[in-house]
Amino acid sequence: IPDFFFERQDRTACKRALGLSDEKTIILCIAGNLSEERKGGPILKQILRSSQIENVQFLLVGQNTDDSFGFPNVINLGFVSDDITLRIAYYAADLLLHPAPVDNLPNTVAESMSCGTPVIAFSTGGLPEMVKPEKSGWLVDAVDAKAMIAKLDAILVSRSCDCLRESTRSHAKSLFDSASVGKSYLEHFH
């Protein structure tokens, strides 16, 4: 993770830069192709359609070949390739939604955490090694949209994502900071 991702940004300024609401919870979802099944496209679509998720604004980053993502509470930035805009999106968000049914060590999760933005993901692949429940986000055991929606609803009702920004950043720093990673490689080499 580039070191500048750990530098703090003004969240309100980031929200305004992207045209996001100050009054709503911002849920960010990033994938190269948001419609792709292996990235959780069908699950994301069900979440976006859910009437259970209220008073939120979804910020999508990535290609979208499915026109049905045009919901009124969704802003889609399309594919973003520059780190500055990505970092603004991570800081503007209250929560990163990672709906992929299986993933190994996703960069989006590492980048989000380095910006202090907690993550909700399925408890599969390498995600349990990255996301520590109630410290840097939440893991959902059942890989389906209903389970993810229920967990999202509980998080939104409790406003618990507000409390995890510092612990998320600290956890990310322990895992992804360039000095820590370099030291780990050096120790492994020796």
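The present account deals with the structure reproduced in this document. (Residues numbered from 1 in each chain as written. Predicted model: local features only at pLDDT ≥ 70, side-chain atom pairs only at ≥ 80, totals over all residues. Heavy atoms only, no water.)

### A word on the pattern of salt bridges
Side-chain pairing between opposite charges can occur once the charged atoms of the two side chains come close.
Next up, step 1: Using the criterion set out here, one finds eight salt bridges in the structure.
Next up, step 2: Among the ionic pairs, Asp94 bridges to Lys15, the shortest N-O distance being 3.6 Å. You can see Asp94 sitting in the loop between helix H3 (83-92) and strand S4 (95-98) and its partner Lys15 sitting in helix H1 (residues 11-17), a full 79 residues away along the chain. The pair Asp94 / Lys15 is uniform in exposure class, with both members buried.
Next up, step 3: Taken together, the salt bridges that share partners define one network made up of Arg11, Lys15 and Asp94. (Salt bridge = Lys/Arg side-chain N within 4 Å of Asp/Glu carboxyl O. Helix = DSSP H or I, 4+ residues; strand = E, 2+ residues; numbered from the N terminus. Buried < 20%, exposed > 50% of the residue type's maximum accessible area, 1.4 Å probe, protein only.)

### Thoughts on the packing of helix H2 (residues 41-49) against helix H6 (residues 145-158)
Next up, step 1: At their nearest, the axes of H2 and H6 sit 9 Å apart, and the two run at 50° to each other. With respect to each other, H2 and H6 are oriented oblique. The two elements H2 and H6 cross, and the hand of that crossing is right-handed. In this structure, H2 uses Ile43, Gln46 and Ile47 to contact H6, whose residues at the interface are Ala145, Met148, Ile149 and Leu152.
Next up, step 2: Among the residues making up the contact of H2 with H6, the classes are represented as six nonpolar, one polar and no charged. (Axes fitted to C-alpha atoms, helices over the stretch in contact; angles between N-to-C directions. Parallel < 35°, antiparallel > 145°, perpendicular 65-115°, else oblique. Left-handed = near helix turned anticlockwise from the far one by under 90°. Contact = heavy atoms within 4.5 Å. Nonpolar A, V, L, I, M, F, W, Y, C, P; charged D, E, K, R; others polar.)

### Remarks on the pairing of strand S5 (residues 119-122)
Next up, step 1: Residues Val119 and Ala121 of S5 are buried on one face, and the alternating residues Ile120 and Phe122, pointing to the opposite face, are buried as well.
Next up, step 2: In terms of strand pairing, S4 meets S5 through three bridges, oriented parallel. Among the inter-strand pairings, Leu97 is bridged to a residue of S5, identified as Ile120.
Next up, step 3: Regarding the hand of the β-α-β motif, the stretch spanning S4, helix H4 (residues 107-114) and S5 is right-handed.
Next up, step 4: Pairing of S5 with strand S6 (residues 137-140) involves four bridges; the strand directions are parallel. Residue pairing in the sheet places Ala121 in a bridge with Leu139 of S6. (Pairing = 2+ DSSP bridges. Right-handed = clockwise from strand over helix to strand, strands pointing away.)

### Re the side chain of Thr25
Next up, step 1: Position of Thr25 relative to the elements: it lies in strand S1 (residues 25-33).
Next up, step 2: Excluding anything up to four places from it in sequence, Thr25 contacts Asn55, Val56, Gln57, Asp94, Leu156 and Arg159.

### Details of H4
Next up, step 1: Counting buried positions along H4 yields seven of eight residues, so the element is predominantly enclosed.
Next up, step 2: Here H4 has its buried residues at Thr108, Val109, Ala110, Glu111, Ser112, Met113 and Ser114.
Next up, step 3: A positive backbone phi angle near 85° is found at Gly116, which sits one or two residues after H4.

### Comments concerning the sheet that holds S5
Next up, step 1: The six strands lie next to each other as S3-S2-S1-S4-S5-S6, forming an open sheet whose pairing is parallel. If you trace the sheet from one side to the other, it starts and ends with strand S3 (74-76) and S6, each paired once. Between one strand axis and the next, the sheet turns by 20° as a mean value, whatever way the strands run.
Next up, step 2: Relative to S3, strand S2 (residues 56-63) runs parallel, the two being bridged by three bridges. Considered in S3, the bridge of Phe58 is made with Val74.
Next up, step 3: Contacts from H3 reach S1, S2 and S4, with the element oriented near 145° to S1.
Next up, step 4: Running at roughly 160° to S5, H6 makes contact with S1, S2, S4, S5 and S6 of the sheet.

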